[in-house]
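The chain contents come next:
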Amino acid sequence: MHFLWWTPVHDFGELRIHLVVFRSRAGYLWYDNMFPSLEPNAADRMKLPFWMPRDSIGQKAALIDRFATREDTIGGMNVSVPANMTDFRFRLQHGLVAECNHVTAKRLVTRYRASQVFNPTVRKRVLQILNITARTLDRLGLPFWLSAGTLLGWYRQCDVVPYTNDVDIEMRIQDYTPKMTGALVASGLKRLKQIGKVEDGFQLRFGFGGIFIDIFFCYEEQDHVWWNMFSDSQKYRYVFPKYSLRWTEFGGLRVRVPYPVEMYLTALYGQEWSKPVRMWNWLMGPRNKVPAGFWSKEDLPTVDIEF
């Protein structure tokens, strides 16, 4: 919620006040967009009662950590201000939010009602393994974001894909550290698989309660990012246009997602990403799969390790 006031002030021209109302969300502080569009343009800003620069803080929705305040005086008035203003501004600038597609979610329920029936136990376990992983990686200071089918479920139906049995997340390969494996196991996950090499398409898999989570490590090139999969000895790269990250709420957690979301989903699933496909083939289905050579016979025992 946003409120705007402006009034003439003697010798100062015009006093402008922009009041942003924070609400509690997933344990954090959230405020909504000032405009209906997530990406307001000049025409949107022209509707305001006074001019505001495009990059003014507060125009785009954000989800940030709670912050301490201190008492101060401005123009003879006692006010509360963020205790650390530099940190506060940084959080606002880096706390931008993406929302799931409520229109698509409602359409799914209407058109595909039979396929949208959730198994409550599976849904609970999916969110549990994501919760454990998220809290562990957050504690280690290792950023991650939703990926593949988990991202698709969050965006397309604002929930878990009803017939899923896994969770997909991504991390930068630069952020990989062997200690994360021990930390995830200590948090209650079971180590299941290690795929690829750190220098050439790395992936980790953990399990919990019959559900598994895949951690795909991303490699950044000049104009794209990719992660690896392989079948037998054939390697494949899944190539995506470069994207930024935004926060969202999913299952009561604050997590990152690729942005623009539809650009990512179109790269992986094609233009018909909004239509549910119950029997998804991870090898044949992706639209962005590119052959990337073969593992040698010597490599094979070390690039597909089960525990």
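Anything mentioned here points back to the structure above.
A brief report on the enclosed structure follows. Along each chain, residue indices are assigned from 1 in the same order as the chain's sequence is written. Only residues with pLDDT of at least 70 are given local features in this predicted model, and only at 80 or more are side-chain atom pairs given and counted; all residues enter the totals for whole chains, interfaces and linings. With hydrogens and water set aside, each side-chain value is computed from the structure's full complement of heavy atoms.

Moving on, we get to the packing of helix 4 (residues 120-140) against helix 6 (residues 179-186). Each pair of packed helices can be described by the angle between their axes along with the distance between the axes. All axes here are fitted lines through C-alpha atoms, helices being fitted over the stretch that makes contact, and every angle between N-to-C directions spans 0 to 180 degrees. For the purposes of this entry, the term helix denotes a DSSP run of H or I that reaches at least four residues, the term strand denotes a run of E that reaches at least two, and both are numbered from the N terminus. In the contact formed by helix 4 and helix 6, the axes pass within 10 Å of each other and the chain directions differ by 135 degrees. The pairing of helix 4 with helix 6 is recorded here as oblique in orientation. For the pair helix 4 and helix 6, the crossing hand works out as right-handed. Residues T133, T136, L137 and L140 of helix 4 pack against K179, M180, A183 and L184 of helix 6. Just so you know the grouping, Ala, Val, Leu, Ile, Met, Phe, Trp, Tyr, Cys and Pro go in nonpolar, Asp, Glu, Lys and Arg go in charged, and all remaining residues, Gly too, go in polar. Across the contact of helix 4 with helix 6, the residue classes break down as five nonpolar, two polar and one charged. Between 65 and 115 degrees an angle is taken as roughly perpendicular, under 35 as roughly parallel, over 145 as roughly antiparallel, and anywhere else as oblique. Crossings are assigned a handedness: left-handed for a near helix turned anticlockwise from the far helix by less than a right angle, right-handed for a clockwise turn. For this analysis, residues touch if any pair of their heavy atoms sits within 4.5 Å.

Attention now goes to unusual backbone geometry. Here Y259 and P260 are connected by a cis peptide whose omega angle stands at 5 degrees. Here P260 is to be found in the loop between strand 16 (253-259) and helix 7 (261-269). Although it is not a glycine, A148 adopts a positive phi angle of roughly 45 degrees. Assignment of secondary structure puts A148 in helix 5 (residues 148-157). Each residue is placed in one exposure class: buried if its accessible area under a 1.4 Å probe, protein chains only, is under 20% of its type's maximum, exposed if it is over 50%, and partly exposed if it falls in between. According to the relative accessible area criterion, A148 is buried, its value standing at 7%.

Attention now goes to the packing of aromatic side chains. Here the aromatic set is Phe, Tyr and Trp, taking the six-membered ring for Trp, and pairing holds for ring centres within 6.5 Å; pairs whose planes are under 30 degrees apart are stacked, those over 60 apart are edge-to-face, and all others are tilted. With the rule as written, the count across this model stands at 17 aromatic pairs. With a centroid separation of 4.4 Å and 15 degrees between ring planes, the pair formed by Y219 and W226 is classed as stacked. Taken together, the ring pairs in this structure connect W145, F216, W227, Y238, F240, Y243 and Y264 into an aromatic cluster. The ring of W247 is capped by R254, whose NZ or CZ atom sits 4.0 Å from the centre of that ring. Only when the NZ atom of a Lys or the CZ atom of an Arg is both within 6 Å of the ring centre and within 35 degrees of the ring normal do we say a charge sits over the ring. One cation-aromatic arrangement involves K289 over Y236; the distance from NZ or CZ to the ring centre is 4.9 Å.

All right, on to the pattern of salt bridges then. Put simply, a salt bridge is a Lys or Arg side-chain nitrogen that is within 4 Å of an Asp or Glu carboxyl oxygen. In total, this model carries 15 salt bridges according to the counting rule given. Across the pair K197 and D299 runs a salt bridge whose closest N-O atoms are separated by 2.7 Å. With K197 in strand 10 (residues 190-197) and D299 in the loop between strand 17 (289-294) and helix 8 (300-303), the pair connects residues that are 102 residues apart, well separated along the chain. K197 sits in the partly exposed class, given a relative accessible area of 23%. The closest approach of N and O atoms between E220 and K242, which form a salt bridge, is 3.0 Å. Of the two residues, E220 sits in strand 12 (residues 211-220) while K242 sits in the loop between strand 14 (234-241) and strand 15 (244-250), which places them 22 residues apart along the sequence. Exposure remark for K242: the relative accessible area of 35% places this residue in the partly exposed category.

Only a pair of cysteine sulfur atoms within 2.5 Å qualifies as a disulfide here. Within the structure shown, the criterion is met by one disulfide. The disulfide that involves C100 links it to C158, with 2.2 Å between the sulfurs. What sets the handedness of the C100 and C158 disulfide is the S-S torsion sign, and at about 100 degrees it is right-handed. One end of the pair, C100, is in the loop between helix 2 (85-93) and helix 3 (102-111); the other, C158, is in the loop between helix 5 and strand 9 (166-172), with 58 residues separating them in the sequence. Classification of C158 as partly exposed rests on a relative accessible area of 25%.

No statement about biological role is implied by the geometric values presented.
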